[in-house]
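# Architecture and fold: a report
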Amino acid sequence: MRAGPGGVEDTAQVRYLDGLASGSRRWSVMGLGTWQFGTSEWGYGDALEAGRIVARARELGVTVFDTAELYGPLRSERILGDALRACGGPGWRDEVVIATKFFPVLPLGPVLRRRAVASAARLGVAELDLYQVHKPHPLIGDVSAMRGMAELQRTGLVRDAGVSSYSLERWLAAEEALGGPVLSNQVEFSLLRRLPAGALVPHAAAHGRIVMAYSPLAQGLLTGRYDADHRPTNAVRRSKPEWLPENLAALAPLTDALRDVASAHDAPPSQVALAWVVHHPNTVAIPGASSVAQLESNVAAADIVLTSDEYAGLTAAAQRVRLRTGPATLPAVARELFSRR
């Protein structure tokens, strides 16, 4: 499956996970992240375009759609729900995994239950296929929240429980508190954020769980579109130290490695970067998409099968990248922002 000038052919087959621990629906290895739906900072505020993106994703066999009450905020869930219903057709509800998240300012069971009802109403569904705790609370454990989650599962409002940004130890603790499978852990996972490959992915593969990879293209750093001489114009990107000219220069060897592998597969570097993520077992990537063409390219990446040498070479190139971040970069970031006004 390749995204050429005419896009991805409808006859292409999307890959799906197997061997999951519960009776979940089919999970496509390439999903759609919708945190940008309903926002203006990234230029994703158009609900009509979001509808076209979701419709095309369904045509291509994408089944996993990830959102959260915090996205928009609240608007992403409504936009996604409306879009899925508009393009659904008979039986669509049994064909997709709608995943949303509860932001745990107060991670208590009664709060979680109220918020789950509200998310389901915004999405326009009777059941949340995956309900995730958005972040681990730094002071309060997961016992109360997971008791609330278990009650939601018993009443049929939630099919599967999930977490986000959890360590393996906390993931296991949440599962113990739930008394059943916490099916997924959504974490930042890309060539530049490789930590999940060390413990989370092996655990997921061994126990029928799922690692959901957000920012699999490092918010655009791994697309091959930018370098020290070709900077992003988006203010959100310019406000992050990763996009400083010195960091884009440091990224060049990895970008070159992506281009080399991409050439062998007749694909753009962004697809190879996504293929590296879903090369890992029990891993689903959920990149965002600002257009139908970008969505098609992302989905096509699932068809690229990296050789062991290609995977190892990309990993080694990524390990050599050293980006300068942290408080010391704030003056340089400020200069970049003000110089472009």
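All of the points below concern the structure found in this document. Since this is a predicted model, take the numbers as computed values, not measurements. (Residues numbered from 1 in each chain as written. Predicted model: local features only at pLDDT ≥ 70, side-chain atom pairs only at ≥ 80, totals over all residues. Heavy atoms only, no water.)

## Notes on the overall build of the protein
Stated precisely, the cut-off is as follows: We count a stretch as a helix when DSSP gives it H or I for four or more residues in a row; a strand needs E for two or more, and each element gets its number in order from the N terminus. With the radius of gyration taken over C-alpha atoms, the globule rule is written as 2.2 Å times the number of residues to the power 0.38. Relative accessibility under 20% of the residue-type maximum defines a buried residue, over 50% an exposed one, and the middle range a partly exposed one, all with a 1.4 Å probe and only protein chains included. Here, residues are in contact when the closest pair of their heavy atoms is within 4.5 Å. Here the accessible surface of atoms and residues is derived via Shrake-Rupley with a 1.4 Å probe, and residues count as covered only by protein chains that are part of the display. The sign given to each residue is positive for Lys and Arg and negative for Asp and Glu; His and the chain ends receive no count. Charge positions come from single atoms, namely NZ of Lys, CZ of Arg, CG of Asp or CD of Glu.
Secondary structure assignment for the protein yields 12 helices and 8 strands. Scaling as 2.2 N^0.38, a compact globule of 341 residues should have a C-alpha radius of gyration of about 20 Å, and the protein matches this with 20 Å. A principal-axis box enclosing the C-alpha atoms of the protein has dimensions of 55 × 50 × 40 Å. Counting the 341 residues in the protein, one finds 55% classified as buried. For the protein, long-range pairs separated by at least 24 residues make up 76% of all intrachain contacts whose partners lie at least 6 apart in sequence. Counting every atom, the protein has about 14,400 Å² of accessible surface; 55% of that belongs to carbon and sulfur. Counting 36 positive and 34 negative side-chain charges, the protein places the centres of these two groups 7 Å from one another.

## Topic: unusual backbone geometry
Here Gly72 and Pro73 are connected by a cis peptide whose omega angle stands at -10 degrees. Topologically, Pro73 is positioned in the loop between β2 (64-66) and α2 (75-88). Despite not being glycine, Gln219 shows a phi value in the positive range, around 55 degrees. Within the fold, Gln219 resides in the loop between β7 (210-214) and α7 (235-238). We classify Gln219 as partly exposed; its relative accessible area is 28%. Located in the positive-phi region is Asp266, a residue other than glycine, with phi close to 55 degrees. On the secondary structure map, Asp266 appears in the loop between α8 (245-265) and α9 (269-278). Exposure remark for Asp266: the relative accessible area of 67% places this residue in the exposed category.

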